[in-house]
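Now for the letters of each chain:
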Amino acid sequence: MLLPASRGPGRGRRWRGRPSFGMIGGATPRPVRPGQAAECAMVMTDNDRIPQVLVVDDEPNIRELVQVALKFHGCAVSTAAGGMDAIRQAETLRPDLIVLDVMMPDLDGFEVCRRLRAMGNEVPVIFLTARDTSSDTVTGLALGGDDYVTKPFSVEALVARVRAVLRRASRSGAGGDAQADTTLRVGDLELDESRWTVRRAGVPVELSPTEFRLLACLLRHRGRILTRAQPLESVWGWDYAGQSQIVETYVSYLRRKLDPLGPPLIHTQRGVGYTLRADEGRQAGRSEHAGQGREAGQGDHAGQDREAGQSNRAGESQRPAGPG
């Protein structure tokens, strides 16, 4: 099985330079030609929205390699190691496509697809399996699968199939619901993935592509605490494994652009990571307490002034008259 290149002693999996994607299963890898990533990222869908893909496989090497390849070609990728976790993430994240392994220990891919369809979730599914039989192919497609890939497989071929399914889905979605909402919101913050725009309190916010992807990652997990490794993996990929300081740097960039327009939205969980939430109730409570404090202070000062005035007048009235 092809593993990430240049894994040295004492190091985590880290791609050096441009990754090579070839066959999973032992064949010689073929390098990606220069410029191919940009081309593929531009045509992954028929619009500018970042496609969200969920990769499900109980083998970590396959899961990681497919994840890196899809990110390299312009997708935002989440992963799951089992069927139950896949169902939970499919309902929580609402991905645009699932790459789903068939043979898993807790719940096989066919049952995962069956349960998703029973729940009304029509997310496109590409099955991965080591069983190359026509009956399995028929079963997968009959359950609502959109494509079927057997192992060993070429990662480039899988990426091409992902691209084809995403483009079909985006076209059918545009025809059936041209007004589909692609906006992520928290409080007065809005991020439109289809138009690549961000607004805070109605004010446009200019972000770099990396800042935009990081903010989109935080918004998709709004209210949840993300470790520094999660946005690092989602936004930057394995090239930056172990370099959590880059997340801190870009979080500070986002804060500089968002915080002047309203209360802080990105909160640091010391020793863990970050969460994005709008503390509306807390802010309102602070404002109310502050207002009450100001009123009380004004009342105290007014009372003190009145008392001082009365004391002065009383002193003047009791003072003996001077010689006439």
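Keep in mind it's a predicted model, so treat the numbers as computed, not measured. (Residues numbered from 1 in each chain as written. Predicted model: local features only at pLDDT ≥ 70, side-chain atom pairs only at ≥ 80, totals over all residues. Heavy atoms only, no water.)

Chemist: So what's going on with the sheet that holds strand β11 (residues 189-192)? Residues and values would help.
Modeler: Ordered in space as β10-β11-β12-β13, the four strands form an open sheet in which the pairing is antiparallel. Single-partner strands in this sheet number two, and they are β10 (183-186) and β13 (203-204). Bridge count between β11 and strand β12 (residues 197-200): four bridges; the pairing is antiparallel. Note on β12: the bridge partner recorded for E190 is R199. On top of the sheet, helix α7 (residues 209-220) reaches β10, β11 and β12; it is set at about 115° to β11, its chief contact. (Pairing = 2+ DSSP bridges. Helix = DSSP H or I, 4+ residues; strand = E, 2+ residues; numbered from the N terminus. Contact = heavy atoms within 4.5 Å. Axes fitted to C-alpha atoms, helices over the stretch in contact; angles between N-to-C directions.)

Chemist: Account for the sheet that holds strand β15 (residues 266-269), naming residues and giving values.
Modeler: Spatial strand order, β14-β16-β15: three strands in an open sheet with antiparallel pairing. Looking at which strands have only one partner, the edges of the open sheet turn out to be β14 (226-227) and β15. Summarising the sheet, β15 and strand β16 (residues 273-276) pair through four bridges and their orientation is antiparallel. The residue bridging T268 from the neighbouring strand is Y274, located in β16. On the sheet, α7 packs against β14, β15 and β16 and is oriented at approximately 75° with respect to β16.

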